[in-house]
Amino acid sequence: MVLGKPFNLVFTCLLCTYIESSFGLNLVDNGYRDLVIAIKPSIKPNEMLLEKIQAMITDASLYLHRATKNKVYFSDVKILLPSSWPRNSSIQRPTTQSYEKASVIIAEENPKYGDTPYTLQYGGCGAKGRYIHLTPDFILNDTLLPIYGKKGPLFVHEWAHLRWGVFNEYNEEMPFYKAINGRIEATRCTKEITGSMKDCSSGSCSNCKIDERTGLYDRSCDFYPNKVQTASSSIMYNQGLENVVEFCDETTHNTQAPNMQNQMCNYRSTWEVIKESEDLKNTSSTHNGSVQPTFTLVQAKGRVLCLVLDISGSMNQENRINRLRQAAEIFLLQVVETGSQVGIVTFESSAMIETQLRTVDNDDVRKDLVKLLPTSADGGTNICSGVRDAFKVLRVDDGSTNGDEIILLTDGEDKGISNCFKEAEDSGSKIHTIALGPRAAKELEELSRRTGGLQLAATDKVDSNGLIDAFTGLVSENGDLSQQAIQLESLGRSIDKGGWFSGIVSIDKTIGNNTYFVVTWEDIPPDVILRSPRGKIYTQADFQTENATHTARLQIPGTAEAGNWVYSIMNSGGKQKVTITVTSRAVDENVAPITVNPRVSWKDPNRPMAIYVEVSQGFLPVLNAKVIIIVELPSGVPDEHELFDTGLGADTRRNDGVYSRYFLNITGRGRYSFKVRVEGIEGPSKLTSMRGRNGIYTPGFTIDGVVHPNPPRPPVSEEDLVAQIGNFSRVKSGGSISIPVDIPVVNFPPSKITDLEARVLEDKIKLEWTAPGADLDQGTASYYEMRISTKLLLPQSISGAERVNLTNLKPQPFGSKEMFIVVPDRTELENRTTFYFVILAYDEKNQPSEMSNVAISSVEPLPIIDNHTTRAILITVIVLLLVCMVVGLLIFWYQLRGKKEDEERLQ
């Protein structure tokens, strides 16, 4: 199916309406508006911190304006304060701002980096990042200025990571490289940045020594840039240099440098990537006015929300009204945070306020709210009536709906839903939508998009547990993980009479408070047996059973034991669907629990959908977990895929705790729901490097030819980088997307090979890499194309390079290890030639992948033997032979003489 450009343009615009996006932050009249800087609840009140933040952003705005050639600046900044900080009349209420969606977070240090700022980036070149992480000490402590430079320029360095998806132009793992001319260079952009290469590790500075193995300077060598530079770029190399005020462009970019920018962006300069971003492409004129930002302090309050529940006649179908009660009951009893205020509104052709706001400060209030959940359904569907009554409920506490939440569930169509779009957008509240069944209003997600709410969906497939997952995912976004309910299990099965449904839920030591096991069924209550890690048995009699809603609930007293909990459910009735849901909370407010953060990224039907799942304990990445994404298709059929943290395919970095995969099974129009299951096995979770994302540490400067070292970066204890977790289980909804129209099937090429390596083995070169798929990271490629050259290979120059014969190399499935041996010409070996290798993979339609990373192999010369050497060796051999002959003759003579003497004595 081939579609013209007009369709694609219209489709893209429609699709953007239904896709998760970075809500709030936008570019208006050259200025970034609603930039949210959120302070984590654990940070203590500090007026100086607020002053320093404002000074940093003010300086950054001026620097950003100049760096983008007078195009953009920061015009409107919101600083979000924790609810525990002191209040005053000048602090405003937030609207849709939250800690979880902030562009910048102020939080405790990352154990790996200490106070070094960094940006969490999931995607590849040009993809927006997740957030910038700054610490209070970085902002407050001016003694760090010599190490990182001024705070404003450093913020712009991180902003380029976050907003435009560019990467660092230095490389702490490979600080030096050998240029084409044979000189050893510091990895930087541009090469016009001058300085000294010195070894100052012993206290005094000396010339660097060369590592014989690599041919480069050893690890004790550092590059000390001159304090005064004539070059004005590049910000992504070292923004701490006074004269550096620009990004590298086509004329100054160093394509030879082995850095992340070259690897991730196919050797394009940072400015080339930035110019192609939506921000710069849509900003044609320059801004010549003030670049002074406006700052607003906003302060979160306790959670205030209203359930808006559909009770129209269609809710009687597929047992929806009872499933609604089951899911909403779990939300009210187990999920909504203590201290929250909750109201309930139901609607059909008209709406009804079931209860005004109630403060959830004890279990009795939770149970009273559950009693008000609907039990019957009838009538039509008027979504706007429910939303408007919810606004009435939310205004009761303080006369405003700013910062409040609505959880809207409906299964019906409503052509009048657009009548309240503007009202919802102006309300300052977030509307989370849950679309139940295949006929829920197609415009429903627009309410979420306009207000920054979550988009969730559930089919009528009961054993997928989608509706319960939607409700359990609606936790607070205030950043206080200790108060959030964490879902450990969510699973369903269709069981025959007498059949069993069994499994294991792993509770790790970071959680265990308020732990609930909940079982639901369709007709006959099943028998439930639960065994704790120490062998304690809980039976059906220990569960609190609600026959009206077909629910059995067990709350584990105190703190649940860490370890494997084994459940067994036996169906004593006819064939029916049974589900189990397990939730818990953190044990200690000072110890971060393991959390799972799924994200679906897709805005262009001509590009693949990428799924990312961040698994972490605080800022510690959790490695070696098994991560499964379950996508419920519009047909109700689940599609499962394992995600990987290998740095391959959709995963841009290995071992950073972000597990990734492309999802290509777009079957047509409709809603796609996402759910992630994560399992960890006994063992340590190690924090690993987030290379390419943190601001550069400058070891010192060269002033008038003399090196002046900076204080060393604070050491990090390896013990601090390991978190003993044990077995753990997590399940979380990843939201949903709605595709309003049929889209063409796109055949994607193989994914880019990013780990090509070349190693010299005597007179051979061994090439190794990981196999891509036929369609990105899925399937098996058809064939490879490898090129070799004695000059640096770039995408525009590879066609002229010599092709390596790979006829007999058959590609293996995605993720497999590949290997090939190249035997260079002897003359090239003798001349110590440097070889550059790249590789491409092709699918069955001869579509090539992007060019791989460049593998560099510097061959050591073979020993050369000339005529003089040969003559010397021959003489040496002859002398040794003569010596051996003489020694042999002497031994023979002594033996013969001894024999004669023996004969004479006998006579």
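Below you will find a few notes about this structure. Bear in mind that the values here come from a model prediction, so they are computed numbers and not experimental data. (Residues numbered from 1 in each chain as written. Predicted model: local features only at pLDDT ≥ 70, side-chain atom pairs only at ≥ 80, totals over all residues. Heavy atoms only, no water.)

**A short note on the packing of aromatic side chains**
Then, in step 1: Using the criterion set out here, one finds 18 aromatic pairs in the structure.
Then, in step 2: Judged by centre distance (5.5 Å) and plane angle (85°), the ring pair of Phe176 and Tyr217 falls under edge-to-face. Pair noted here: Phe176 is in strand E9 (residues 176-178) and Tyr217 is in the loop between strand E12 (206-207) and strand E13 (221-225), with a separation of 41 residues, a long-range link.
Then, in step 3: Overall, the relative accessible area of 23% leaves Tyr217 in the partly exposed class.
Then, in step 4: Taking the centre distance of 6.4 Å and the plane angle of 80° together, the rings of Phe663 and Phe674 count as edge-to-face. Placement of Phe663 in strand E35 (residues 658-663) and of Phe674 in strand E36 (residues 670-680) is noted, with a sequence separation of eleven residues between them.
Then, in step 5: Residue Phe663 is classed as buried on the basis of its relative accessible area, which comes to 2%.
Then, in step 6: Here the aromatic cluster, defined as three or more aromatic residues joined through ring pairs, consists of Tyr32, Phe74, Phe155 and Trp159.
Then, in step 7: Note that Lys151 overlies the ring of Phe138, its terminal NZ or CZ placed 6.0 Å from the centroid. (Phe/Tyr/Trp six-rings, centres within 6.5 Å; stacked < 30°, edge-to-face > 60°. Helix = DSSP H or I, 4+ residues; strand = E, 2+ residues; numbered from the N terminus. Buried < 20%, exposed > 50% of the residue type's maximum accessible area, 1.4 Å probe, protein only. Lys NZ or Arg CZ within 6 Å of the ring centre and 35° of its normal.)

**Notes on the pairing of strand E33 (residues 626-632)**
Then, in step 1: Buried residues dominate E33, accounting for six of its seven residues.
Then, in step 2: When E33 meets E36, the two strands line up antiparallel, connected through seven bridges. Counterpart to Lys626 in the pairing with E36 is Glu679. (Pairing = 2+ DSSP bridges.)

**Topic: the side chain of Asp199**
Then, in step 1: You can see Asp199 is positioned in strand E11 (residues 195-199).
Then, in step 2: For Asp199, which is buried and forms no salt bridge, the nearest opposite charge comes from Lys209, at a distance of 6.4 Å.
Then, in step 3: Here the side chain of Asp199 touches Ser201 through a polar contact of 2.7 Å, side chain to side chain.
Then, in step 4: Setting aside residues no more than four positions away along its own chain, Asp199 makes contact with Ser204, Cys205, Ser206, Asn207, Cys208, Ser220 and Cys221. (Lys, Arg positive; Asp, Glu negative; His and termini not counted. Salt bridge = Lys/Arg side-chain N within 4 Å of Asp/Glu carboxyl O. Polar contact = N/O pair within 3.5 Å; in protein donor to acceptor, adjacent residues only side chain to side chain. Contact = heavy atoms within 4.5 Å.)

**Things to note about the pairing of strand E21 (residues 486-495)**
Then, in step 1: Counting buried residues along E21, eight of its ten residues qualify, which places the element largely inside the surrounding structure.
Then, in step 2: Here nine bridges tie E21 to strand E29 (residues 576-586), and the two strands are oriented antiparallel to one another. Along E29, the bridge assignment pairs Ile486 with Ser584.

**Some remarks on the state of the cysteines**
Then, in step 1: For the coordinates displayed, the defined rule picks out five disulfides.
Then, in step 2: Two residues share a disulfide in this structure: Cys125 and Cys265, whose sulfurs sit 2.1 Å from each other. The chirality of the disulfide connecting Cys125 with Cys265 is right-handed, given an S-S dihedral of about 105°. Here Cys265 lies in the loop between helix H7 (260-264) and helix H8 (270-275) and Cys125 lies in the loop between strand E7 (118-120) and strand E8 (131-134), a separation of 140 residues in the sequence.
Then, in step 3: Using a relative accessible area of 1% as the deciding quantity, one classes Cys265 as buried.
Then, in step 4: Each sulfur in the disulfide pair Cys384 and Cys420 lies 2.2 Å from the other. Taking the sign of the torsion about the S-S bond as the criterion, the disulfide between Cys384 and Cys420, at about -80°, is left-handed. Residue Cys384 is found in helix H12 (residues 383-394), and its partner Cys420 is found in the loop between strand E18 (405-410) and helix H13 (421-426); the two are separated by 36 residues along the sequence. (Disulfide = S-S within 2.5 Å.)

**A closer look at the sheet that holds E12**
Then, in step 1: Strand order across the open sheet formed by three strands is E12-E11-E13, with antiparallel pairing between neighbours. Of all strands in the sheet, those with a lone pairing partner are E12 and E13, marking the two edges.
Then, in step 2: Inspection of the sheet shows E11 paired to E13 by five bridges, in the antiparallel sense. Directly across from Gly195, in E13, lies its bridge partner Pro225.

**Some points on unusual backbone geometry**
Then, in step 1: For the bond from Cys189 to Thr190, the omega torsion is 10°, close enough to zero to count as cis.
Then, in step 2: Looking at the element boundaries, Thr190 is found in the loop between strand E10 (184-186) and E11.
Then, in step 3: In the Ramachandran plot, Asn319 falls in the positive-phi region, its phi being about 60° despite a non-glycine side chain.
Then, in step 4: The topology assignment puts Asn319 in the loop between strand E15 (304-310) and helix H10 (320-335).
Then, in step 5: For Asn319, a relative accessible area of 37% gives the class partly exposed.

**Considerations on H12**
Then, in step 1: For H12, spanning twelve residues, the distance from its first C-alpha to its last is 17 Å, which sits close to the expected 16 Å at 1.5 Å a residue.
Then, in step 2: Counting buried positions along H12 yields ten of twelve residues, so the element is predominantly enclosed.
Then, in step 3: Residues Ile383, Cys384, Ser385, Gly386, Val387, Asp389, Ala390, Phe391, Val393 and Leu394 constitute the buried set of H12. (Expected span 1.5 Å × (residues − 1).)

**Examining the nonpolar core**
Considering soluble globular proteins, one finds that nonpolar side chains tend to be buried as a cluster.
Then, in step 1: Counting residues in each nonpolar core, the largest one holds 67 residues, and the members touching the most others are Phe155, Trp159, Trp164 and Phe247.
Then, in step 2: When residues in this core are grouped by element, the largest group, nine residues, is from helix H2 (residues 47-67).
Then, in step 3: Look past the residues within four positions of Trp164 in its chain and what remains in contact with it is Tyr32, Leu64, Thr68, Val72, Gly126, Trp159, Phe247, Val273, Ile274, Ser277, Asp279 and Leu280.
Then, in step 4: Within the second largest apolar cluster, 38 residues are counted, among which are Leu309, Ile321, Val360 and Ile468. (Core = buried A, V, L, I, M, F, W, Y, C linked by side-chain atoms within 4.5 Å.)

**Considerations on the pattern of salt bridges**
Should the charged atoms of two oppositely charged side chains come close, the side chains can pair.
Then, in step 1: Summed over the entire model, instances satisfying the criterion amount to 43 salt bridges.
Then, in step 2: The shortest N-O distance in the salt bridge between Glu785 and Arg787 comes to 2.8 Å. Side by side, Glu785 and Arg787 carry an identical accessibility label, which is buried.
Then, in step 3: Among the charged side chains, a salt-bridge network with shared partners connects Arg93, Lys301, Asp397, Asp398 and Asp404.

**Focus: a nonpolar patch on the surface**
Then, in step 1: Taken together, the side chains of Leu761, Met819, Ile821 and Val823 make up a nonpolar region of the molecular surface, amounting to roughly 330 Å² of accessible area.
Then, in step 2: Position of Val823 among the secondary structure elements: in the loop between strand E46 (817-822) and helix H16 (826-830). (Patch = residues over 30% accessible without salt bridge, like charges linked within 9 Å, V, L, I, M, F, W, Y side chains within 5 Å. Areas by Shrake-Rupley, 256 points an atom, 1.4 Å probe, with all protein chains shown as cover.)

**Some remarks on the sheet that holds E15**
Then, in step 1: Strands sit in the order E17-E16-E15-E18-E19-E20 across an open sheet of six strands; the sheet is mixed. Across the chains shown, the open sheet's two edge strands, defined by having one partner strand only, are strand E17 (351-359) and strand E20 (455-458). Strand-to-strand twist across the sheet, computed as the mean angle between neighbouring axes with direction ignored, equals 15°.
Then, in step 2: Relative to E20, strand E19 (residues 430-436) runs parallel, the two sharing four bridges. By the bridge assignment for E20, Ala435 is matched with Ala457.
Then, in step 3: The strands touched by H12 are E15, strand E16 (341-347), E17, E18 and E19; relative to E17, the strand with the most contacts, the crossing angle is about 30°.
Then, in step 4: Along the sheet face, helix H14 (residues 444-451) touches E18, E19 and E20 and points at about 160° away from the line of E19. (Axes fitted to C-alpha atoms, helices over the stretch in contact; angles between N-to-C directions.)

**Remarks on the packing of H2 against helix H5 (residues 151-164)**
Then, in step 1: Contact geometry for H2 and H5: axes closest at 8 Å, N-to-C directions at 70°. Of the possible angle classes, the one that applies to H2 and H5 is roughly perpendicular. When you trace H2 past H5, the crossing you get is right-handed. Two secondary-structure elements touch here, H2 through Met56, Ile57, Asp59, Ala60, Tyr63 and Leu64 and H5 through Lys151, Gly152, Pro153, Phe155, Val156, Trp159 and Trp164.
Then, in step 2: Here the contact of H2 with H5 is composed, by residue class, of ten nonpolar, one polar and two charged. (Parallel < 35°, antiparallel > 145°, perpendicular 65-115°, else oblique. Left-handed = near helix turned anticlockwise from the far one by under 90°. Nonpolar A, V, L, I, M, F, W, Y, C, P; charged D, E, K, R; others polar.)

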